[in-house]
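Chain by chain, the residues run as shown.
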Amino acid sequence: MPETHYDVIVIGTGPGGASLAYRLAQTGKKILMLERGDYLPRSQKNWDSQTVFVDAAYQAPETWYDSKGRDFHPGLHYYVGGNSKVYGAALFRLRERDFDEIRHADGISPAWPLKYGDFEPFYTAAEQLFHVHGEAGEDPNEPWRSRAFPHPAVSHEPRIEELNARLREDGLNPFHLPLGILLDEQNGKPTPTSICIRCDAFDGFPCLLNGKADAQVMCVDPALAAYPNCTLQTNTYVRRLLTDASGQTVTAVEAIQNGIIVNYVADLVVVACGALSSALLLLRSSNEKHPSGLANGSGQVGRNYMRHNQSVLMALMPEVNDTIFQKTLAVSDFYFGADDYEYPLGLIQMCATSHPAQVKAEALPEWLKWAPNMPFDLMVRHSMDFWLSSEDLPLPQNRIFYEGERVMLDLTETNMTAAKLEQALTRNGAHPKLMERSLYLGKDIPPGGTAHQAGTCRFGTDPRSSVLDLNCKAHELDNLYIADASFFPSIGAVNPTLTIIANALRIADHLTERLS
């Protein structure tokens, strides 16, 4: 196949790569998006809990290894739109204090070289692009904003409204989750023309109706429809990046397409494969000038990996919970600490309702002893489900790397706690034992999962301790950028996707100036 020259090649079509490509397509420059997977099939199975969670039908069929040599399947999804095809679409801004140094029980979360004010305009643009629904002023730890949410908050169903009232009676400040969703409501019901129908298969499922604001729906497809200068190649696995003799310029993207090696050429190359896969690509691209991996003179590529300390918990309530769309409420009162605990505790948010097939696959022995005669469908009818996130620290030994041909992922857990949630739920009538919902984090993966992957190529001003400069260009190469969560110096405790999108739009503005 003859080489075709592009202005920009974007590797990966998740939220970072897709947002950047969408913004750059508007310049008229020749943009190529490369995606290792294909479009995720639209099928009724998209809404089947057994297919999605128990069988893990859409999860990448790869085998990686942890530090003890145990094999696992990473919670990654190789489709147009990346992991956002199955994300919960909770689109938070990092708190303003998250950009500063924060002391935790297990160590220091480092300060960012840029601050919240540098990202605020791009957060606003990201919320517009991904149709974020929310209510400004409810979240006690929400950072300042220059513009209100572009769409009204998604309404609570009656049982969640009751929980909201009880939490307020206990002195907490629950708020509506900021959600990226294509939903039009009237009196709490979807309108006849709303794409989203408020079903029970939103969080963790691919959306059969394309009602979730994922990267394919909001960026890739609109860019391809509106801008003929924008091209997408699917089923294209990028094996490595080639450089010139000096090692300072990427000269070609070497990919495998239908078993054939193809080289693509561009003035600028943007890697946006996700923090884990982007680091692996740089490590695979080692050469004489970059013997430890491309852009890895600092030795930091693959290190400082973060993924949040996450638990998805199911609480049994005395009353029947007939909620269908449960993912509408969050609590951040303990985000930076509590009266009886000086360190940050993190975020509590609702997630999708339980399904019998999931509970049957996950039920723990002590639960079966507590309720031996309770059918799984009845257990589900009395359940409420919560997602807990606390901040993971960027330890240098937390890293992804190759050991021969094997992918290795080393993790050390920090800041693990669910005590405050247990206290709050017990006061509100829940059974005090909470069942961990491990399948939400991905089938057969290490603790904490890989859904919120970040770090591995952090940005900074010192090439000795960072991989990227403040524009997310590799310190050691003049035309290589990274536009996913690899650049994060710390991760906070809120979902990272909106920050990924905002930063991608920031990089796109920089590249627009450079291309002009």
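Fair warning: this is a prediction, and the values are worked out from it, not measured in the lab.

**Focus: the nonpolar core**
Ranked by internal contacts, the top residues of the largest apolar core, which has 117 residues, are I11, L20, F130, L241 and L480. When residues in this core are grouped by element, the largest group, ten residues, is from helix 11 (residues 497–515). Filtering out sequence-adjacent residues up to four positions away, L241 remains in contact with I11, V250, A252, V253, V269, V271, L281, L282, S285, L294 and L480. Counting 16 residues, the second largest nonpolar core, distinct from the first, contains L167, L172, V331 and I348.

**Description of the environment of G337**
Within the fold, G337 resides in the loop between strand 18 (329–331) and strand 19 (347–350). On the basis of relative accessible area, G337 is assigned to the buried category, the value being 13%. For G337 and H104, which are 233 residues apart along the polypeptide, the C-alpha to C-alpha distance reads 9.5 Å. Aside from chain neighbours lying at most four places away, what touches G337 is Y343, P344 and L345.

**Overview of helix 5 (residues 215–226)**
Over its twelve residues, helix 5 runs 16 Å from end to end, which matches the ideal 16 Å to within 8%, given 1.5 Å per residue. For helix 5, every residue scored as buried is listed here: A215, Q216, V217, M218, C219, V220 and A223. Contacts made by the buried residues of helix 5 are with helix 1 (15–25), strand 2 (31–34), helix 3 (116–129) and strand 12 (230–233). Two or three places before Q216, at the start of helix 5, stands the capping residue D214, its side-chain oxygen 3.0 Å from that residue's backbone nitrogen.

**Let's talk about unusual backbone geometry**
Phi is positive for A56, which is not a glycine, with a value near 50°. Tracing the sequence through the fold places A56 in the loop between helix 2 (49–54) and strand 3 (64–66). The backbone of N235 shows a phi angle near 50°, a positive value even though the residue is not glycine. Considering the arrangement of structural elements, one finds N235 in the loop between strand 12 and strand 13 (236–243).

**Considering the sheet that holds strand 3**
Here four strands make up an open sheet; going across it, the order is 4-3-22-21 and the pairing mixed. Two strands in the sheet have a free side with no partner beyond their single neighbour: strand 4 (71–72) and strand 21 (399–403). The sheet contact formed by strand 3 and strand 4 spans two bridges and is antiparallel. Bridged to W64 within strand 4 is F72. The strands that helix 6 (residues 275–284) touches are strand 3, strand 21 and strand 22 (406–410); relative to strand 21, the one it contacts most, it runs at about 40°.

**What about the pairing of strand 17 (residues 309–316)?**
Across the eight residues of strand 17, eight count as buried, placing the element largely inside the fold. Side chains N309, S311, L313 and A315 of strand 17 all project onto a buried face; the interleaved residues Q310, V312, M314 and L316 project onto the opposite face, where all are buried too. As paired strands, strand 17 and strand 20 (residues 383–390) are joined by eight bridges and run antiparallel to one another. Looking at strand 20, one finds that N309 is bridged to S390.

**Digging into the pattern of salt bridges**
Applying the stated rule across the entire model yields 21 salt bridges. The shortest N-O distance in the salt bridge between R93 and E120 comes to 3.0 Å. In this pair, R93 is assigned in the loop between strand 4 and strand 5 (102–104) and E120 in helix 3, connecting sequence segments 27 residues apart. Ionic pairing is found between R464 and D462, a salt bridge with its closest N-O pair at 3.0 Å. R464 gets classed as exposed once you look at its relative accessible area, which sits at 69%. Taken together, the shared-partner salt bridges connect R93, E120, E127, E142 and R145 into one network.

**Observations concerning the packing of aromatic side chains**
If you walk through the whole model with that rule in mind, you get 20 aromatic pairs. Between W112 and F119, the aromatic rings sit 5.8 Å apart at their centres with planes inclined by 85°, giving edge-to-face as the arrangement. For the cation-ring pair, R95 lies above Y335, with the distance from its terminal atom to the ring centre recorded as 5.6 Å.

**So, the side chain of R93**
Residue classification places R93 among the buried positions, given a relative accessible area of 3%. At 3.0 Å, the side chain of R93 and the side chain of E120 are in polar contact. In terms of polar contacts, R93 uses its side chain to reach the side chain of E127, at 3.0 Å. Once residues lying within four places of it in the same chain are set aside, the contact partners of R93 are Y116, E120, Y123, T124, E127, P143, W144, R145, V494 and L498.

**Examining the pairing of strand 21**
Pairing of strand 21 with strand 22 involves five bridges; the strand directions are antiparallel. Looking across to strand 22, one finds that I400 is bridged to L409. Where strand 21 folds back onto strand 22 in an antiparallel hairpin, the turn is made up of two residues, including G404, whose phi is positive at roughly 70°.

**Side note on the environment of L183**
Within the secondary structure layout, L183 lies in the loop between strand 9 (179–180) and strand 10 (185–186). When neighbours within four sequence positions are excluded, L183 is seen to be in contact with H133, V154, P190, S194, C196 and R198.

**Structural notes on a nonpolar patch on the surface**
Taken together, the side chains of I195, I197 and L209 present a nonpolar region at the surface, about 230 Å² in accessible area. For I197, the position within the fold is in the loop between strand 11 (189–190) and helix 5. Residue I197 is classed as partly exposed on the basis of its relative accessible area, which comes to 43%.

**Quick word on the packing of helix 3 against helix 11**
Geometry of a packed helix pair, given as the angle between the helix axes and the separation of the axes. Packing of helix 3 against helix 11 leaves a shortest axis separation of 8 Å and a crossing angle of 110°. Judged on the interaxial angle alone, helix 11 and helix 3 are roughly perpendicular. Contacts from D118, F119, F122, Y123, A125, A126, E127 and L129 in helix 3 reach L498, T499, I501, A502, N503, L505, R506 and D509 in helix 11. Broken down by class, the residue content of the contact of helix 3 with helix 11 amounts to ten nonpolar, two polar and four charged.

Conventions and cut-offs
Residues numbered from 1 in each chain as written. Predicted model: local features only at pLDDT ≥ 70, side-chain atom pairs only at ≥ 80, totals over all residues. Heavy atoms only, no water. Core = buried A, V, L, I, M, F, W, Y, C linked by side-chain atoms within 4.5 Å. Buried < 20%, exposed > 50% of the residue type's maximum accessible area, 1.4 Å probe, protein only. Helix = DSSP H or I, 4+ residues; strand = E, 2+ residues; numbered from the N terminus. Contact = heavy atoms within 4.5 Å. Expected span 1.5 Å × (residues − 1). Polar contact = N/O pair within 3.5 Å; in protein donor to acceptor, adjacent residues only side chain to side chain. Pairing = 2+ DSSP bridges. Axes fitted to C-alpha atoms, helices over the stretch in contact; angles between N-to-C directions. Salt bridge = Lys/Arg side-chain N within 4 Å of Asp/Glu carboxyl O. Phe/Tyr/Trp six-rings, centres within 6.5 Å; stacked < 30°, edge-to-face > 60°. Lys NZ or Arg CZ within 6 Å of the ring centre and 35° of its normal. Patch = residues over 30% accessible without salt bridge, like charges linked within 9 Å, V, L, I, M, F, W, Y side chains within 5 Å. Areas by Shrake-Rupley, 256 points an atom, 1.4 Å probe, with all protein chains shown as cover. Parallel < 35°, antiparallel > 145°, perpendicular 65-115°, else oblique. Nonpolar A, V, L, I, M, F, W, Y, C, P; charged D, E, K, R; others polar.

Structural measurements only, silent on function.
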